[in-house]
Amino acid sequence: MTITRTPEEMKKIQEILKISQENNLQFMEIWFVDILGNLKSLSVSHREVEYALKEGMGLDGSSVEGFARVFESDLVAVPDLDTFTIFPPEMMGMPVARVFCEIKTPDGKSFEGDTRCILKKNLAEMKKMGFTNFMVGPELEFFLFPNDKSVSPLDTGGYFDSVPIDESHLLRRKIMIMLEKLGIRVEYAHHEVAPSQHEIDLRYDEALHMADNVVTYKAVVKMIAAQNGCYATFMPKPVQGENGSGMHVHQSLFKDGENTFFDKEDPYYLSKTAKYYIAGILANVKDICAVTNQWVNSYKRLVPGYEAPAYIAWGRKNRSTLVRIPQVKTGKPSATRIECRFPDPACNPYLAFSVMLAAGLDGIKRKLTLREPTEENIFHMTPEQRKALKIDSLPGYLVEAVNNLENSEVAKAALGKHTFEKFVANKLIEWEQYRTQISSYELEKYLPVL
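These notes cover the structure that comes with them. (Residues numbered from 1 in each chain as written. Predicted model: local features only at pLDDT ≥ 70, side-chain atom pairs only at ≥ 80, totals over all residues. Heavy atoms only, no water.)

1. As for the overall build of the protein chain
Per the secondary structure count, the protein chain includes 13 helices and 18 strands. The C-alpha atoms of the protein chain give a radius of gyration of 22 Å, which matches the 22 Å a tight globule of 450 residues would have. C-alpha atoms of the protein chain, sized along the principal axes, occupy 65 × 55 × 50 Å. Per-residue burial over the protein chain gives 54% buried out of 450 residues. For the protein chain, restricting intrachain contacts to residue pairs at least 6 apart in sequence, the fraction spanning at least 24 positions comes to 71%. Total accessible area on the protein chain stands at roughly 20700 Å², and carbon and sulfur atoms take up 51% of it. For the protein chain, the distance from the average position of its 54 positive side-chain charges to the average position of its 60 negative side-chain charges is 3 Å. (Helix = DSSP H or I, 4+ residues; strand = E, 2+ residues; numbered from the N terminus. Rg over C-alpha atoms; globule rule 2.2 N^0.38 Å. Buried < 20%, exposed > 50% of the residue type's maximum accessible area, 1.4 Å probe, protein only. Contact = heavy atoms within 4.5 Å. Areas by Shrake-Rupley, 256 points an atom, 1.4 Å probe, with all protein chains shown as cover. Lys, Arg positive; Asp, Glu negative; His and termini not counted. Charge placed at Lys NZ, Arg CZ, Asp CG, Glu CD.)

2. What about helix H4 (residues 115–128)?
The end-to-end C-alpha distance of H4, which contains 14 residues, comes to 20 Å, matching closely the 20 Å that a straight helix rising 1.5 Å per residue would cover. For H4, the set of buried residues is Thr115, Arg116, Cys117, Ile118, Leu119, Asn122, Leu123 and Met126. The opening residue of H4, the one whose side-chain oxygen lies 3.1 Å from the backbone nitrogen of arginine 116, is aspartate 114. (Expected span 1.5 Å × (residues − 1). Polar contact = N/O pair within 3.5 Å; in protein donor to acceptor, adjacent residues only side chain to side chain.)

3. Quick look at the pairing of strand E2 (residues 39–45)
Where strand E1 (residues 27–33) meets E2, 7 bridges bridge the pair, whose relative direction is antiparallel. Looking at E2, one finds that isoleucine 30 is bridged to leucine 42. Joining the antiparallel neighbours E1 and E2 is a turn of 5 residues, in which glycine 37 adopts a positive phi near 95°. (Pairing = 2+ DSSP bridges.)

4. Focus: the state of the cysteines
Summed over the entire model, instances satisfying the criterion amount to 0 disulfides. Between cysteine 289, a cysteine without a disulfide, and cysteine 347, which holds the nearest cysteine sulfur, the sulfur-to-sulfur distance is 12 Å. Overall, cysteine 289 belongs to the buried group, its relative accessible area being 1%. (Disulfide = S-S within 2.5 Å.)

5. A closer look at the environment of glutamate 307
Assignment of secondary structure puts glutamate 307 in the loop between helix H7 (272–292) and strand E14 (311–312). Expressed as a C-alpha distance, the spacing of glutamate 307 and lysine 387, which sit 80 residues apart in the sequence, is 21 Å. What glutamate 307 contacts, discounting residues up to four positions off in sequence, is Val193, Asn243, Arg341 and Phe379.

6. Let's talk about the pattern of salt bridges
Applying the stated rule across the entire model yields 20 salt bridges. For the salt bridge of lysine 120 with glutamate 102, the shortest nitrogen-to-oxygen distance reads 2.3 Å. Taken together, the residues span a long stretch of sequence, with lysine 120 in helix H4 and glutamate 102 in strand E6 (residues 96–104) at a distance of 18 residues. By relative accessible area, lysine 120 is classed as partly exposed at 31%. Where glutamate 339 meets arginine 324, a salt bridge forms, and the shortest distance between an N and an O atom there is 2.7 Å. In this pair, glutamate 339 is assigned in strand E17 (residues 338–340) and arginine 324 in strand E16 (residues 323–324), connecting sequence segments 15 residues apart. Neither residue differs from the other here; glutamate 339 and arginine 324 are each classed as buried. Through salt bridges with shared partners, a single network forms among Asp80, Arg116 and Asp212. (Salt bridge = Lys/Arg side-chain N within 4 Å of Asp/Glu carboxyl O.)

7. Let's talk about the packing of aromatic side chains
Following the criterion strictly, the structure yields 12 aromatic pairs and no others. For the pair phenylalanine 262 and tyrosine 269, a centre-to-centre distance of 6.2 Å together with 5° between the ring planes defines the contact as stacked. A relative accessible area of 28% means that tyrosine 269 is categorised as partly exposed. Put simply, the rings of Trp31, Phe87 and Phe100 pair up and form one aromatic cluster. The aromatic ring of phenylalanine 234 is capped on one face by lysine 218, whose charged end is 5.6 Å from the ring centroid. Over the ring of phenylalanine 423 we find lysine 427; its NZ or CZ atom is 6.0 Å from the centre of that ring. (Phe/Tyr/Trp six-rings, centres within 6.5 Å; stacked < 30°, edge-to-face > 60°. Lys NZ or Arg CZ within 6 Å of the ring centre and 35° of its normal.)

8. As for a nonpolar patch on the surface
A cluster of nonpolar side chains, namely Tyr441, Tyr446, Val449 and Leu450, defines an oily patch on the protein surface of about 490 Å² accessible area. With relative accessibility at 79%, the residue leucine 450 sits in the exposed group. (Patch = residues over 30% accessible without salt bridge, like charges linked within 9 Å, V, L, I, M, F, W, Y side chains within 5 Å.)

Right, here's the structure in full:
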């Protein structure tokens, strides 16, 4: 396959090569993710950087989860020149750059299993509807442990605790500094509710750029933790009896620089577009949460009592709802947004952003009616009260979520046939492996008495 770069791209390549030479670049990492969101990389020697930027690098797609079958496995990773960034030397020990890529087939077409490309396709569908930007701001939570074999906390801190209880505050600051050096804007960071749990929030940005930033963020957090003698995990629920880790995603649709979610005449400052969008999320959430919450462990977080949503409703100040309307800057057009509280940080951000956008756009297309907000604590309601208010529940298990996903036309269209089928197959295998495993709970409870 021959890549044809435009004159503008060739100029950009020459700029990158100049920067690389000035920084004595040793390696360039070409990054992409598999369908589950796991980071993959090709390391390119400094001698091959120019060729890689111009022509791309071949890869065996059959070795990547959810990519291609053996007989159609030849693929090409083509660098997205706008994502070229050099890591600070203290992070990698030497000058190393990273660049995200697009996965192409040998005939030059976009590979349908490339989840970054899938997000781009969904953004293109959004633009056909008259919107220009899908803006998102994720809040990613994570735990720090001694290693990947222990869930012993490194501190006894709680929500917003500071020194001396929050013993990991310096590590958070190191992560924030590194993210800023990489051009990723951080809003703020703090200790979360559970011991050894932390949150670093990224500044609102366009969805594709933000998905790249989420992948980079997770890599940076893990690398900085390892350099400081501990282990960082984005596992949704690593500690029984403690809050799990979420990835609340703030989102809004813009058109030519104007926030289409804002209406100064509405009591909630929400436009009809925003209300249709929320209604679309609520109508489709049971079908898309297998993507936003894709692991067996994800559903051990989505239970009542641990600040994670379990019921399908929306509200303004109500943090027990699935969708919340932040009230910090009420009435400010650019700040008007919705907060989806169900995703967790172990998802593939390209697919998660894709299905949430598709669900919201479905609500706009169909002009779905948004029911009244719920401002009572849903966790304190009886089943009868929830039934009277027509408040449904999220799936309780991965297999239930996958079964819903299989029947969703919105999700099929958002993911594309290839990725949809590969994702469903992978998740059903995961569930079967989990379902047939004998747990320590069963042995401790049943073996002595049965």
